[in-house]
Amino acid sequence: MDILKMTRGGSMAKESSNGSTWAVSLTNFLDSGSIVAGASGLTLWQKSFGLSDFDVGLLGALSANAFGSALGAIIGGRLSDKYGRKMIYTYDMLIYMLGTLIVVFSVNFPMLLLGFLVTGIAVGAGVPASWTYIGETSGDTNRAHNIGISQFAWSMGPIIIFVSGTLLAPLGLLGSRLLFAFLTVVAFIAWNLQKKLPESQDWIDQKKKDLESTVENHPYRDLFVNMISVKSILFLCGVYVFWNLVAGAMGFFMPFVYETVGGLNNTQANMLQAVLWIFTALAGYFGFALLGDKVNHRSFFFIGASMAVISWVILTYIGFGWASLLAFVIIWGISAGIGAQAWYALWAVELFPTKYRAGSQGFMFFIVRGTAGIWSIVFPIILSTLGFKIAGTAMIALLLVSLIVGILWTPKTRGKTLSQITKERYGDEQD
């Protein structure tokens, strides 16, 4: 690969960050969209293929919501650092399309499981590269804005899939297949847009330094022997892992909770989820995107994290009346748009040097989605054996951990260049 030939293209990335951000953010749309499309059709696949409860659990565990994306993240993050962010965008959506097409044409359980797994791997590989690329190609005063756009795209996935699923519901299993066909079309559009993107100039500059250096160290070795990086990993996992345990379980089980605990029918449960995601999308754009570069990060994080805790206190201890349900979905929806995932996406770009920026995200995303897979097994057991109040209290405790870690160790990075942040944290040798 000729690094010098990419220099001009890399410089263009900074100039066209808005367009590239929207193109790359389609990865986030396809991530959440595939999770919701998979979850919404589980009962239909179960009925059609005669799946056991274990089979259904395996589909969820190997999907884009859990272990499938965890595996993809740890592979994709490393490849993105070694071969470039553009390499991921050249091939990742092709793998995603292969996975969704396998689901569309599945005739038995092994084929369906393979489709879920391949789709999940593609999602996992794309997310660390997308957040890295957005951060590296953003200006110093609009990184949060562009990350907010990716959050908006992530929120739109469930909204569009929910509406489409409702319209296609009369078609039964065919409707579920058509949802994955729709995702295939969106992935094709994303692939055509993303493969034309210029390479990240930060990555190009780093590769030039690597070529000139006489010392050869494996990036993961550098990541784990450097205490600054290790502390950053612990901080970001503290913020994101504990929040995502709640958000991941909600994404998969919340309609079930509304129906079994709250006594709502399926339409009412889906309506609540739609309201929740609408507020998440609005908060992601009008909240995080528009304010993230302008206001104090610690205060802003505290507001979002506190709202998340308050929403679950309302649901757990006030109950499932319509007033408390609406308060819950609105407050949680807003908090999710300006909450831990957006901050993680921003800080994970800022707190690591270029040479292992995507790889560190891949490792952490592996932890995030892996623990979500385990919690997805544990949460329904707690719910059925100990009751919702205990399960809800556990959710509150997880959110409190994320809140405390975030406000105690909020990094001071607003308005600084990535190079400046790296130099302040690691010294000149990592710049």
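In the nomenclature of an unreviewed UniProt entry, the chain is known as L-rhamnose-proton symport of Liquorilactobacillus cacaonum DSM 21116. The chain has a UniProt comment under Subcellular location (unreviewed entry) that states "Cell membrane".

## Focus on the overall build of the chain
Counting its secondary structure elements, the chain contains 19 helices and 0 strands. For 431 residues, the compact-globule formula gives about 22 Å, and the C-alpha radius of gyration of the chain, at 21 Å, lands near that figure. Dimensions of the chain along its principal axes, counting C-alpha atoms only, are 65 × 45 × 35 Å. Among the 431 residues that make up the chain, the fraction classed as buried is 58%. A total of about 16900 Å² of accessible surface is found on the chain, and carbon and sulfur atoms cover 70% of it. Charge-centre separation for the chain: the mean point of 28 positive side chains lies 3 Å from the mean point of 23 negative side chains.

## A few points about the side chain of Ser 106
Within the secondary structure layout, Ser 106 lies in the loop between helix H6 (85-104) and helix H7 (109-137). Residue Ser 106 is classed as buried on the basis of its relative accessible area of 1%. A distance of 2.6 Å separates a polar side-chain atom of Ser 106 from the backbone oxygen of Ile 102. A distance of 3.4 Å separates a polar side-chain atom of Ser 106 from the backbone nitrogen of Leu 112. Contact partners of Ser 106, with chain neighbours within four places excluded, come to Trp 45, Phe 49, Met 111, Leu 112 and Arg 177.

## Thoughts on the confidence of the model for the chain
For the chain, the average pLDDT comes to 88, and 94% of its residues sit at 70 or higher. No element of the chain has a lower mean pLDDT than helix H1 (residues 7-15), which averages 44, and none a higher one than helix H14 (residues 297-317), which averages 97. Segment residues 1-15 is flagged for pLDDT under 50; beyond a separation of four residues in sequence, or across chains, it makes 32 contacts in the model.

## So, the pattern of salt bridges
In this structure the tally under the stated criterion is 7 salt bridges. A salt bridge links Asp 81 to Arg 85, with the nearest nitrogen and oxygen atoms 2.8 Å apart. Arg 85 matches Asp 81 in its accessibility class, with the two residues each being buried.

## Section: the packing of helix H16 (residues 340-350) against helix H17 (residues 357-386)
Two numbers describe how H16 lies on H17: the axes approach to 9 Å, and their chain directions differ by 140 degrees. When the interaxial angle is binned, H16 and H17 end up oblique. H17 is crossed by H16, and the crossing has right-handed handedness. Each of Tyr 344, Ala 348 and Val 349 in H16 lies in contact with H17, whose residues at this interface are Arg 357, Gln 361, Met 364 and Phe 365. Along the lines of polarity and charge, the residues of the contact of H16 with H17 split into 5 nonpolar, 1 polar and 1 charged.

## As for the nonpolar core
Membership of the largest hydrophobic core comes to 114 residues, with the highest contact counts inside it found for Tyr 258, Trp 312 and Trp 332. Tallying contributions element by element places helix H12 (residues 227-260) first for this core, with 17 residues. Excluding residues that lie within four positions of it along the chain, Trp 332 makes contacts with Trp 243, Val 246, Ala 247, Met 250, Leu 276, Ala 308, Ser 311, Trp 312 and Leu 399.

## Description of helix H13 (residues 266-291)
Compared with the 38 Å implied by 1.5 Å per residue over 26 residues, the 36 Å span of H13 between its first and last C-alpha is a close match. At the N-terminal end of H13, a side-chain oxygen is found 2.7 Å from the backbone nitrogen of Gln 268, two or three residues along, and the residue is Asn 265.

## Concerning the packing of H17 against helix H18 (residues 388-408)
Between two packed helices, what matters for the description is the angle formed by their axes and the separation of those axes. Between H17 and H18, whose axes approach to 6 Å, the crossing angle comes to 140 degrees. Between H17 and H18, the interaxial angle falls into the category oblique. Contact residues: H17 offers Trp 375, Phe 379, Ile 382, Leu 383 and Leu 386, while H18 offers Phe 388, Ile 390, Ala 391, Ala 394, Met 395 and Leu 398. Of the residues that constitute the contact of H17 with H18, the class distribution is 11 nonpolar, no polar and no charged.

## Regarding the environment of Ile 149
Note on placement: Ile 149 falls in helix H8 (residues 143-168). The spatial distance from the C-alpha of Ile 149 to the C-alpha of Tyr 83 is 26 Å, given a sequence separation of 66 residues. For Ile 149, the contacting residues outside a window of four places in its chain are Thr 21, Trp 22, Ser 25, Tyr 285 and Ala 289.

## A word on the environment of Arg 369
Note on placement: Arg 369 falls in helix H17. Here the alpha-carbon distance between Arg 369 and Asn 244, two residues 125 residues apart in the chain, equals 8.2 Å. Excluding anything up to four places from it in sequence, Arg 369 contacts Asp 31, Ile 35, Ala 64, Asn 65, Ala 66, Phe 67, Ser 69, Ala 70 and Val 123. Reaching out from Arg 369, the side chain makes a polar contact with the backbone oxygen of Ala 64 at a distance of 2.5 Å.

## Digging into the packing of aromatic side chains
All told, the structure shown has 25 aromatic pairs when counted by the stated rule. Ring geometry for Phe 320 against Phe 388: centres 5.1 Å apart, planes inclined by 70 degrees, an arrangement best described as edge-to-face. Taken together, the residues Phe 320 in the loop between H14 and helix H15 (322-337) and Phe 388 in helix H18 connect sequence positions 68 residues apart. Each of the two residues, Phe 320 as well as Phe 388, counts as buried. Here the aromatic cluster, defined as three or more aromatic residues joined through ring pairs, consists of Trp 131, Tyr 240, Trp 243, Trp 332, Tyr 344 and Phe 365. One cation-aromatic arrangement involves Lys 195 over Trp 191; the distance from NZ or CZ to the ring centre is 3.9 Å.

## Topic: a nonpolar patch on the surface
Together, Phe 67, Ile 374, Ile 377, Val 378 and Ile 381 give the surface a local cluster of nonpolar side chains, amounting to about 420 Å² of exposed area. Within the secondary structure, Val 378 sits in helix H17.

So, how was this worked out
- Counting from 1, residues in each chain are numbered in the order their sequence is written.
- Residue-level local features of this predicted model are given only where pLDDT is at least 70; pairs of side-chain atoms are given and counted only at 80 or more, and the full residue set underlies all totals for whole chains, interfaces and linings.
- Calculation of side-chain values draws on the structure's entire complement of heavy atoms; hydrogens and water are dropped beforehand.
- UniProt positions are given in the numbering used here, feature names are shortened, and annotations may be inferred rather than shown by experiment.
- Put simply, DSSP H or I for four residues or longer makes a helix, DSSP E for two residues or longer makes a strand, and each gets a number counted from the N terminus.
- We compute the radius of gyration from the C-alpha atoms alone; for a globule the expected value is 2.2 Å times N to the 0.38, where N is the number of residues.
- Throughout, exposure labels follow a simple rule: accessible area from a 1.4 Å probe, protein chains only, divided by the maximum for the residue type, with under 20% read as buried, over 50% as exposed, and the rest as partly exposed.
- Only the protein chains shown count as cover for residues, and all accessible areas are computed by the Shrake-Rupley method using a 1.4 Å probe.
- His is not counted here, nor are the chain ends, while Lys and Arg score as positive and Asp and Glu score as negative.
- To locate a charge, take atom NZ for lysine, CZ for arginine, CG for aspartate or CD for glutamate.
- Whenever two N or O atoms come within 3.5 Å, that pair is a polar contact, provided that in protein one can donate a hydrogen and the other can accept it, and provided that, for residues adjacent in sequence, both atoms are side-chain atoms.
- We call two residues in contact when some of their heavy atoms are within 4.5 Å.
- On a range of 0 to 100, pLDDT expresses the predictor's confidence in each residue.
- Basic side-chain nitrogens of Lys or Arg form a salt bridge, by our definition, when they fall within 4 Å of a carboxyl oxygen of Asp or Glu.
- Note on geometry: axes are lines fitted to C-alpha atoms, helical ones only across the stretch in contact, with angles between N-to-C directions running from 0 to 180 degrees.
- Oblique is the label for any angle not under 35 degrees, not over 145, and not in the 65 to 115 range, which are roughly parallel, roughly antiparallel and roughly perpendicular in turn.
- Crossing handedness: left-handed means the near helix sits turned counterclockwise from the far one by under a right angle, and right-handed means the same turn made clockwise.
- Three categories are distinguished: nonpolar for Ala, Val, Leu, Ile, Met, Phe, Trp, Tyr, Cys and Pro, charged for Asp, Glu, Lys and Arg, and polar for the others, with Gly belonging to the last.
- As used in this record, nonpolar core signifies buried Ala, Val, Leu, Ile, Met, Phe, Trp, Tyr and Cys residues forming a set joined through side-chain atoms within 4.5 Å.
- Multiplying 1.5 Å by the helix residue count minus one yields the expected span of that helix.
- Any two of the Phe, Tyr and Trp rings considered here, Trp counted by its six-membered ring, make a pair once their centres fall within 6.5 Å; the pair's planes then place it as stacked at under 30 degrees, edge-to-face at over 60, or tilted in between.
- A ring is scored as having a charge over it whenever the NZ atom of a lysine or the CZ atom of an arginine sits within 6 Å of its centre and within 35 degrees of its normal.
- For patch building, the residue pool is restricted to those with more than 30% relative accessible area and no salt bridge; the joining distance is 9 Å between like charges and 5 Å between nonpolar side chains (Val, Leu, Ile, Met, Phe, Trp, Tyr).

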